Amino acid sequence: MHRRHLLRSTVALALVAAFPKKLFAEMIADLSAVRGDGSQVTIPAGVLKDLKASLRGRLLLAQDPGYDQARLVQNPVIDRHPALIIQPTGVADVRTAVNFARSLDLLVAVKCGGHSFSGQSTCNGGVQIDLSPMRGVRVDPQLRRAWVAGGTLLGAVDHEALAFGLVTPLGTVSHTGVGGLTTGGGFGRMARRFGLALDNVTAVDIVTPDGLLRRASAKDNPDLYWGVRGGGGNFGIVTSFEFALHAADRQVIGGTLAFPIERARELLQRYAEYTPQAPDDLYLDAWVACPPGKPQVCGVNVCYSGAARDFDKVMAPMRKVGTPLADGFKAIDYEQLQRATDDTDARSEGNYTKNGFVSAITEANIDDLLAGRSTDARRSSILYFQHCGGAIGRVPAQATAFPHRHALANMMVMTNWPVAADAQPHMQWARDFWKKLEPYTRGFYVNEVEGNEGASRMNANYLGNYARLAALKRKYDPTNLFRLNANITPA
Ligand code: FAD
C-alpha cells in the first residue's frame, strides 16, 4: 500500500516536471485588477476562461511565457505589470479586448512599438492590449496608397513602399511604432517635403471605446478623422492606417557634420538663421552632445533628398561654422539612413526627455541651452533641435487636431544613464534644466510628454483645438477608457 502510494506520487511529480508551463498556463484563477479610476476589481476565473476562449490571439497572465516581453517598453526605467495582456491577431480580437475592458472599467494600455518615453503603453494592474501580432503593410503602387496594420513598426512601411520608389514620411528610428507616432504627429526626414505622418493619413479603421469598428476619412466620420490626426490614442485603437505615398528617389545624401564644442554657439546661431529658409528637401537637426568622460561635441544631422549637384550649395551656410571634426556626408539608401540610429540594445540605458516647440531660436535660448548643459560624468545628454517647417508648416493649424504648424524645431533635452543606476538625479537634472528652456517654447509634442498633463495644460497646448477635441472625447469616449496617453478630458 505504502509502495503503491509512493509510486503514484512519483509519477505525478514526473508529469508536473515534464509539463509545468502547460499546467500553469491552464491554471486560471480569479484575478485582481485595477480599474481606470484606480479602484480594485476581481475578475472571476470563469470570465477569464471565456475571454481566452473567444480570442484567436493570446491572453497572457503573469505566469505565462511571453508576458514579460509584452509588458516591457523600450525605456527600462518603466517596469510595470499589467494584470493581463491581450495580444489580438485582428479586428475581431481588438473589439473583444475593448468590450472586455469597458465591461469591467479596466485601466487600459495600448502598445504598438513600445516607444512611449513615459511608458503609456504599459500599466500596473490593468489590461494591456499589445498590437505586436498585428503587423503588416500592403502597398498599391498605382493608387499610391499603403495600408498599414495598427501594430506595425515604421521600418516595414519604408521597406515596402521604397520597393516601388515610393515613400510616406514617418519617424527617424525604424523600430518606432506607426500607431503611437502617427496618431500624435510623426516628425521625420521627409516631413519637410511631404508633411507629418498624420498629414498623410487618408483614412483609418478604428475600434472606438464602444467596441465598434469605424472608418474615419474625409468622407466617413470626418470628426473622428480630424481628431485621430493629433489627438493621440484618445479615441480608440487604430487597426489599419491608410497612407498616401509619394514618388521619391531612394538614394539621398545623409550623415553628420561635427564640430568641437567651442563652435557650438556659432553652429546654433547659423542653424537659427538658416533653417527658416532651408529648402524643403533639406532636413537638418542640430545637436550638442555631452557624453560622460569624453569631449563634448556639436553638429548637425542631415537628410537631403534634392538634386545631388546642389548639395554643397545647400550645406554651405552650415559649413561656414569652421573646420569640422568630421564631415561624414555620403550618398546613402534612404532605408539604410532610416536604420542608421536604431538602437542595438534599446533597454541598456535609462532615458528621460523633455521637449517643446520653438518658432525661432533666439540668442537668449542659445545662452541658456549652452549654460545648462551637463558635465556630470554619470550621465550622457543630448540637446537637440529636430527640424520642422516646410510642408508641415503649410497645413492650417485647425485642419487636423495637431496645431503646432508654427514650429521651426522641436527642442529636446534627452538624457541617458546606466540602467542599474538610480534614475531620479538624472530625471531631476533634466526637469530643472527644462525650467530654464521652457519659456522659449510654444507648446509640446504629445508623443514626448509624461502622460496626464492635466486639462488646462493640454488646452493651452492645443492652441485653440482643445474644445473640439474635448467634445469629440465626450462623444466617443465619455468614460475615458483610453486615458493612458496625453489625455483629453471628456467635455
Ligand atoms: P507605444 O509606446 O507603443 O504607444 C504609445 C501610445 O500610442 C499608446 O499609449 C497609445 O496611446 C498610442 N497608440 C499606439 N498604437 C496605437 C494604435 N494602433 N491606435 C491608437 N493609439 C495607439 N517621434 C517622432 O515624431 N519622430 C521621431 O523621429 C521619433 N523618434 C523616436 C525615437 C525613439 C528611440 C523613441 C523612443 C521615440 C521617438 N519618437 C519620435 C517619439 C514617438 O513618436 C513616440 O514615442 C510614439 O508614442 C511611439 O509610438 P509607439 O507606437 O512606438 O509607442
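Up top you'll find the structure we're talking about.
Keep in mind that this is a model prediction, so the values were computed, not measured.

### Here's the deal with the packing of helix 10 (residues 264-274) against helix 11 (residues 311-319)
Between helix 10 and helix 11, the least distance of the axes is 9 Å, while the angle of their chain directions is 135°. Taken together, the axes of helix 10 and helix 11 lie oblique to each other. Listed contacts from helix 11 to L267, R270, Y271 and Y274 of helix 10 are V314, P317 and M318. Across the contact of helix 10 with helix 11, the residue classes break down as six nonpolar, no polar and one charged.

### Structural notes on the sheet that holds strand 5 (residues 108-111)
Read from one edge of the open sheet, four strands run 3-4-6-5, paired in mixed fashion. Both edges of this open sheet fall to strand 3 (58-60) and strand 5, since each of them pairs with a single strand only. Ignoring strand direction, the axes of neighbouring strands in this sheet form an average angle of 20°. Direction of pairing for strand 4 (residues 84-87) relative to strand 6 (residues 127-130): parallel, over a ladder of three bridges. Across the sheet, I85 pairs through a bridge with Q128, a residue of strand 6.

### Re the site of the ligand
Close to the ligand lie 33 residues, the nearest being G114, S121, T172, F187 and Y445. At 2.6 Å, a side-chain N or O of T172 approaches an oxygen atom of the ligand. Y445 is positioned with one of its side-chain polar atoms (N or O) 2.6 Å from an oxygen atom of the ligand. When isolated, the ligand has an accessible area of 950 Å², and the protein chains bury 93% of it. Every element with two or more residues in the shell around the ligand is listed here: strand 5, helix 7 (178-184) and strand 12 (237-244). It is helix 7 that contributes the most residues to the shell around the ligand, three residues altogether. Classifying every residue of the shell around the ligand gives eleven nonpolar, 20 polar and two charged.

### A short note on the packing of aromatic side chains
Counted according to the given criterion, the structure contains eleven aromatic pairs. Between the aromatic rings of W429 and F433, the centroid separation amounts to 5.4 Å while the plane-to-plane angle is 45°, which identifies the pairing as tilted. Note that W429 and F433 are positioned in helix 14 (residues 424-437) at a spacing of four residues, about one turn of the helix. Grouped by ring-pair contacts, the aromatic residues F187, F357, F402 and Y445 constitute a single cluster.

### Topic: unusual backbone geometry
Despite not being glycine, L463 shows a phi value in the positive range, around 45°. Tracing the sequence through the fold places L463 in the loop between helix 15 (455-461) and helix 16 (466-476). In this structure, N480 is a non-glycine residue whose phi angle is positive, near 60°. Within the secondary structure, N480 sits in the segment after helix 16. Overall, N480 belongs to the buried group, its relative accessible area being 11%.

### Considerations on the pairing of strand 21 (residues 409-418)
Counting buried residues in strand 21 gives seven out of ten residues, a clear majority hidden from the surface. Pairing analysis gives ten bridges linking strand 19 (residues 349-358) to strand 21, with the strands arranged antiparallel. Note on strand 21: the bridge partner recorded for N351 is N416. Two strands pair when backbone bridges link them, and strand 20 (residues 380-387) and strand 21 are joined in this way by eight bridges, in the antiparallel orientation. For I382, the partnering residue across the bridge sits in strand 21 and is M414.

### A few points about the nonpolar core
With 46 residues, the main nonpolar core has V300, M315 and F385 as its most contacted residues. Not counting the four nearest positions on each side in its chain, F385 is found in contact with L268, Y271, L284, D285, A286, V358, I361, L369, A409, N410 and M411. Judged by nonpolar contacts, the second largest core, of 37 residues, contains A197, Y225, A401 and Y476.

### Things to note about helix 14
Think of an α-helix as 3.6 residues a turn; residues three or four steps apart then line up on the same face. Counted at 1.5 Å a residue, the expected span for helix 14 with its 14 residues is 20 Å, and the 20 Å between its end C-alpha atoms agrees. All of the buried residues in helix 14 are H426, M427, W429, A430, F433, W434 and L437. Looking straight down helix 14, one finds its buried side chains confined to an arc of 155°; they lie on one side. Of the residues in helix 14, the exposed ones pointing more than 90 degrees away from the buried face are K435 and K436.

### Considering the sheet that holds strand 7 (residues 137-140)
Strand order in this open sheet of five strands is 7-8-12-10-11, and the pairing throughout is antiparallel. The two strands at the open ends of the sheet, each matched to only one other strand, are strand 7 and strand 11 (213-217). On average, each strand axis in the sheet is tilted by 15° relative to the strand beside it, whichever way the strands run. As judged from the five bridges shared by strand 10 (residues 201-207) and strand 11, these two strands associate in the antiparallel manner.

### So, the side chain of D93
For D93, the position within the fold is in helix 5 (residues 91-103). For the buried residue D93, which engages in no salt bridge, the nearest side chain bearing the opposite charge is R56, 6.3 Å off. Polar contacts involving the side chain of D93 include one to the main-chain amide nitrogen of G57, which spans 2.7 Å. Those residues in contact with D93 that lie beyond four places of it in its chain are S54, L55, R56, G57, Q87 and P88.

Reading the values: rules and limits
- Counting restarts for each chain: residues are numbered from 1 in the order of the written sequence.
- This being a predicted model, a pLDDT of at least 70 is required before a residue's local features are given, and a value of 80 or more before pairs of side-chain atoms are given or counted; all residues contribute to the totals for chains, interfaces and linings.
- The basis for every side-chain value is the complete set of non-hydrogen atoms in the structure, without hydrogens or water.
- A fitted line through C-alpha atoms serves as each axis, taken over the contacting stretch for helices, and the angle formed by two N-to-C directions is quoted from 0 to 180°.
- Each helix is a run of H or I in the DSSP string that is no shorter than four residues. Each strand is a run of E no shorter than two, and both are numbered from the N terminus.
- Between 65 and 115 degrees an angle is taken as roughly perpendicular, under 35 as roughly parallel, over 145 as roughly antiparallel, and anywhere else as oblique.
- Contacts were defined at the residue level, with two residues in contact if any of their heavy atoms lie within 4.5 Å.
- For this classification, Asp, Glu, Lys and Arg are treated as charged, while Ala, Val, Leu, Ile, Met, Phe, Trp, Tyr, Cys and Pro are nonpolar and the rest, including Gly, are polar.
- Any two strands between which DSSP finds at least two bridges are classified as paired.
- Nearness is judged by heavy atoms alone; a residue qualifies as near a molecule or strand once a single heavy atom is within 4 Å of it.
- Between N or O atoms, a polar contact is any pair within 3.5 Å; within protein, one atom must be a potential hydrogen donor and the other a potential acceptor, and residues adjacent in sequence are included only when both atoms are from side chains.
- All accessible-area figures derive from a Shrake-Rupley calculation using a 1.4 Å probe, and residue coverage is judged against the displayed protein chains alone.
- Here is the rule: rings of Phe, Tyr and Trp (six-membered ring for Trp) pair when centre to centre is within 6.5 Å. Planes less than 30 degrees apart are stacked, more than 60 are edge-to-face, and the remainder are tilted.
- The classification of residues rests on relative accessible area computed with a 1.4 Å probe and restricted to protein chains. Under 20% of the type maximum is buried, over 50% is exposed, and intermediate values are partly exposed.
- Only buried residues count toward a nonpolar core. Its members are Ala, Val, Leu, Ile, Met, Phe, Trp, Tyr and Cys residues joined through side-chain atoms within 4.5 Å.
- By this rule, a helix spans an expected 1.5 Å times one less than how many residues it contains.
- Starting at the helix axis, one direction is taken to each C-beta atom, and the arc is that of these directions.
- Within this scheme the basic residues Lys and Arg register as positive and the acidic residues Asp and Glu register as negative, but His and the chain ends are omitted.
- The salt bridge definition used is simple: a Lys or Arg side-chain nitrogen within 4 Å of an Asp or Glu carboxyl oxygen.

Limitation: the analysis is restricted to geometry and does not speak to function.
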